[in-house]
Amino acid sequence: MPRRSLTVRILQVVTLLVVTFLFAALVAAAFFNDGKPLTTLSPSGPSSDSIQKLVVPVFAIAGVVFLLVEGAVLLISWKFRAKDEDDPEEFPEQVHGRTFLEIGWTILPALILAGVAVGTVMTIIDLNREEPDSINVQVAGQQWWWQYKYDVNNDGNFDGPEDIVTATEMVIPAGRPIQVTTTSNDVIHSFWIPGLNGKRDAVPGLRNPLKLEADEPGVYRGQCTEFCGLSHANMRMLVRAVPTGDYDAWVRNQLKDHSAEPTDPKAIEGKKTWLALCAQCHVIKGVNDVKAKTTPVPLVAGVAPDLTHLMTRGTFAGSIFNLYDPTDPDDPSVLLPAGDVASAGNPGAALTGGAVVTANVNRVTLEAWLRNAPAMKPMYPQGGRGMPNLALTEDQIDQLVAYLETLN
Ligand code: CUA
């Protein structure tokens, strides 16, 4: 029989090279993503740190086992390959009954798995231990944004007058544990801030615990990780960890309402438009919250993000657009273009109730959103999921933005 043709051999070599290259690229992509918003390998808090301390040794053990097993497979396939296609004895000599080896390769994996199990169970216990002075926050997923309720007075209820309701961004004090409870207002979502902890499903009717803590002030990004419909990919989370003093100021400001009438003539007109069109779904505390709670129909307020302190957030629409120009994380004095969503919009002093620097507001995107929201993010407004196109005039948009800019 002729030897395999040259073409077949070249094809084999090329295939091997391509597979090796793809595998190497995959490994490189998994490891060299330091500083990327969703990397799981740069822990920024105690929970993600204890996960990392489990992942590294387990990965090392798995890597050694992989190399030994695959190495043996390759070696044996090479050593005992059919050397000649006409060879009548193409099967190597068959052996069995090496008792010592068989017991060995049964016991060794069992011991390795038992060792990994001890580390895993200890980590799970550590991740579920509740910290005594934690802040309680309920996180509810909703198509396609996140709502946050803070039990400020610690009475076990998230809906009291002393509590906070906000959306899109979760503000926390750095260095303090947050006891999160995940749930959902519609379908199953999954809450995931990779820098701070693993994933936790947000299931309607269930309350799942998750501990978060950030070592340092900063912005920690997340992404819904359970397919939840049209804009699943546009359902992001943002945790803004701030110094304790700023957090206290943020809480004090969030507890205020916006019952005071705006003074700017444009904003006054904008508020009228807001009451006529937006107040059916959105709530502004002090403006329509009481009505929203006491009118059973047709108000559906609560199905859209609470806007009371909109301008204290750096992003909007499920955290996919910047509400303000972002600042360079390495040099906060440098403003980046608003389109740089990976660098979250920076509300500046407005975060804690200070003045809104209107020059830094991302007006272009905010206006585009008001002009035609479904064109900016896939939604299903006719089914009550997402914001409809309200067919606003350019004047109305201008006035609405003027009113929204008062909501610090
Ligand atoms: Cu919410 Cu996917």
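Labelled according to an unreviewed UniProt entry, the protein appears under the name cytochrome-c oxidase, originating from freshwater metagenome. UniProt annotates the protein under Sequence similarities (unreviewed entry) with the comment "Belongs to the cytochrome c oxidase subunit 2 family." Listed in UniProt under the heading Subcellular location (unreviewed entry), the comment for the protein reads: "Membrane".

A. Up close: the overall build of the protein. Helix and strand counts for the protein come out as nine helices and 14 strands. Its C-alpha radius of gyration of 28 Å places the protein more than 25% over the 22 Å reference for a compact globule of 408 residues. Across the 408 residues in the protein, those meeting the buried criterion constitute 40%. Taking contacts inside the protein between residues at least 6 apart in sequence as the whole, the part at least 24 apart equals 62%. If you sum the accessible surface of the protein, you get close to 22700 Å²; carbon and sulfur atoms cover 64% of it. Charged side chains in the protein number 32 positive and 45 negative. The centres of these two groups are separated by 2 Å.

B. Spotlight on the sheet that holds strand 1 (residues 135–142). Strands sit in the order 3-2-1-5-8 across an open sheet of five strands; the sheet is mixed. The open sheet is flanked by strand 3 (164–167) and strand 8 (208–212), the only strands paired with a single partner. Between one strand axis and the next, the sheet turns by 25 degrees as a mean value, whatever way the strands run. Where strand 1 and strand 2 (residues 145–150) come together, six bridges link them in antiparallel fashion. Pairing of Gln142 across the sheet is with Trp145, part of strand 2.

C. The domain arrangement of the protein, seen in detail. The domain architecture assigned to the protein consists of domain 1 (1–32) and domain 2 (265–404). Each of domain 1 and domain 2 has a C-alpha centre, and the two are 52 Å apart.

D. Quick look at the packing of aromatic side chains. Counted by the stated rule, this structure contains eight aromatic pairs. Measuring from centroid to centroid gives 5.2 Å for Trp146 and Phe191, while their planes differ by 75 degrees, and the two rings are edge-to-face. Taken together, the residues Trp146 in strand 2 and Phe191 in strand 6 (residues 189–192) connect sequence positions 45 residues apart. As far as the burial class goes, Trp146 and Phe191 line up, both buried.

E. Focus on the nonpolar core. Counting 64 residues, the largest nonpolar core has Trp146, Tyr148, Tyr150, Met170, Phe191, Leu212 and Trp274 as its most contacted members. In terms of residue count, helix 9 (residues 394–404) provides more of this core than any other element does, six residues in total. Those residues in contact with Trp274, other than ones at most four positions away along the chain, are Ala279, His282, Val283, Ile284, Val287, Asn288, Leu307, Leu400, Tyr403 and Leu404.

F. Here's a closer look at the side chain of Asp151. Along the chain, the position of Asp151 falls in the loop between strand 2 and strand 3. The side chain of Asp151 sits in the buried core without any salt bridge; Arg176 is the nearest counter-charge, 11 Å away. Every residue in contact with Asp151, bar those within four places of it in the chain, is listed here: Asn136, Gly156, Asn157, Phe158 and Asp163.

G. Here's a closer look at the UniProt feature "transmembrane region" (unreviewed entry) in the protein. Per the UniProt record, "transmembrane region" (unreviewed entry) is found at residues 54–78 and 99–125. Here residues 54–78 runs as 100% helix and 0% strand, with 36 Å between its end C-alpha atoms. Annotated as 100% helix and 0% strand, the span residues 99–125 places its first and last C-alpha atoms 39 Å apart.

H. Structural detail: a nonpolar patch on the surface. Where nonpolar side chains cluster on the molecular surface, the patch consists of Phe23, Val27, Phe31, Phe32, Leu41, Val55, Phe59, Phe66 and Leu67 and spans about 930 Å² of accessible area. If you list the elements that add at least two residues to the nonpolar patch, you get helix 1 (6–31) and helix 2 (46–79). Ranked by residues supplied to the nonpolar patch, first place goes to helix 2 with four residues.

I. Expanded view of the packing of helix 2 against helix 3 (residues 99–128). Relative orientation of the contacting elements helix 2 and helix 3 amounts to 170 degrees, with a least axis distance of 9 Å. In terms of axis orientation, helix 2 runs roughly antiparallel to helix 3. Here Ser47, Ser50, Ile51, Leu54, Val58, Ile61 and Val65 of helix 2 come into contact with helix 3, specifically with Ile112, Val116, Gly119, Thr120, Thr123, Asp126 and Leu127. Each residue belonging to the contact of helix 2 with helix 3 can be placed in one class, and the counts come to eight nonpolar, five polar and one charged.

J. Here's a closer look at unusual backbone geometry. Geometrically, the link from Gln143 to Trp144 is a cis peptide bond, its omega value of 0 degrees lying close to zero. Looking at the secondary structure, you find Trp144 in the loop between strand 1 and strand 2. The backbone phi angle of Ser319 is positive, close to 65 degrees, even though this residue is not glycine.

Calculation notes
- Each residue is numbered by its place in its chain's sequence as written, counting from 1.
- Residue-level local features of this predicted model are given only where pLDDT is at least 70; pairs of side-chain atoms are given and counted only at 80 or more, and the full residue set underlies all totals for whole chains, interfaces and linings.
- Heavy atoms from the whole structure form the basis of all side-chain values; hydrogens and water molecules are not counted.
- UniProt positions are given in the numbering used here, feature names are shortened, and annotations may be inferred rather than shown by experiment.
- Helix numbering and strand numbering both begin at the N terminus, where a helix is a DSSP run of H or I of at least 4 residues and a strand a DSSP run of E of at least 2.
- The size measure is the radius of gyration over C-alpha atoms, and the globule rule it meets is 2.2 Å times the number of residues to the 0.38 power.
- Using a 1.4 Å probe on the protein chains alone, a residue whose accessible area is under 20% of its type maximum counts as buried, one over 50% counts as exposed, and one in between counts as partly exposed.
- Pairs of residues are marked as contacts when any of their non-hydrogen atoms sit within 4.5 Å.
- Only the protein chains shown count as covering a residue, and every accessible area follows the Shrake-Rupley method with a 1.4 Å probe.
- We treat Lys and Arg as the positive residues and Asp and Glu as the negative residues; His and chain ends play no part in the count.
- By convention, the point assigned to a charge is CZ for Arg, NZ for Lys, CD for Glu and CG for Asp.
- Strand pairing requires that DSSP identify at least two bridges connecting the strands.
- All axes are obtained by fitting lines to C-alpha atoms, using only the stretch in contact for helices, and the reported angles, taken between N-to-C directions, cover 0 to 180 degrees.
- For the domains described, the bounds stem from an automatic or database domain assignment.
- Any pair of Phe, Tyr and Trp rings, taking the six-membered ring for Trp, is counted once the centres come within 6.5 Å. Such a pair is stacked with planes under 30 degrees apart, edge-to-face with planes over 60 apart, and tilted for the rest.
- By convention a nonpolar core is built from buried Ala, Val, Leu, Ile, Met, Phe, Trp, Tyr and Cys residues, the set being connected through side-chain atoms within 4.5 Å.
- One speaks of a salt bridge when a side-chain nitrogen belonging to Lys or Arg is within 4 Å of a carboxyl oxygen belonging to Asp or Glu.
- Exposure above 30% relative accessible area and the absence of a salt bridge qualify a residue for a patch, where like charges join within 9 Å and nonpolar side chains (Val, Leu, Ile, Met, Phe, Trp, Tyr) within 5 Å.
- If an angle is under 35 degrees, it is roughly parallel; if it is over 145, roughly antiparallel; if it lies from 65 to 115, roughly perpendicular; otherwise it is oblique.
- Only Asp, Glu, Lys and Arg are considered charged, only Ala, Val, Leu, Ile, Met, Phe, Trp, Tyr, Cys and Pro nonpolar, and every remaining residue, Gly among them, polar.

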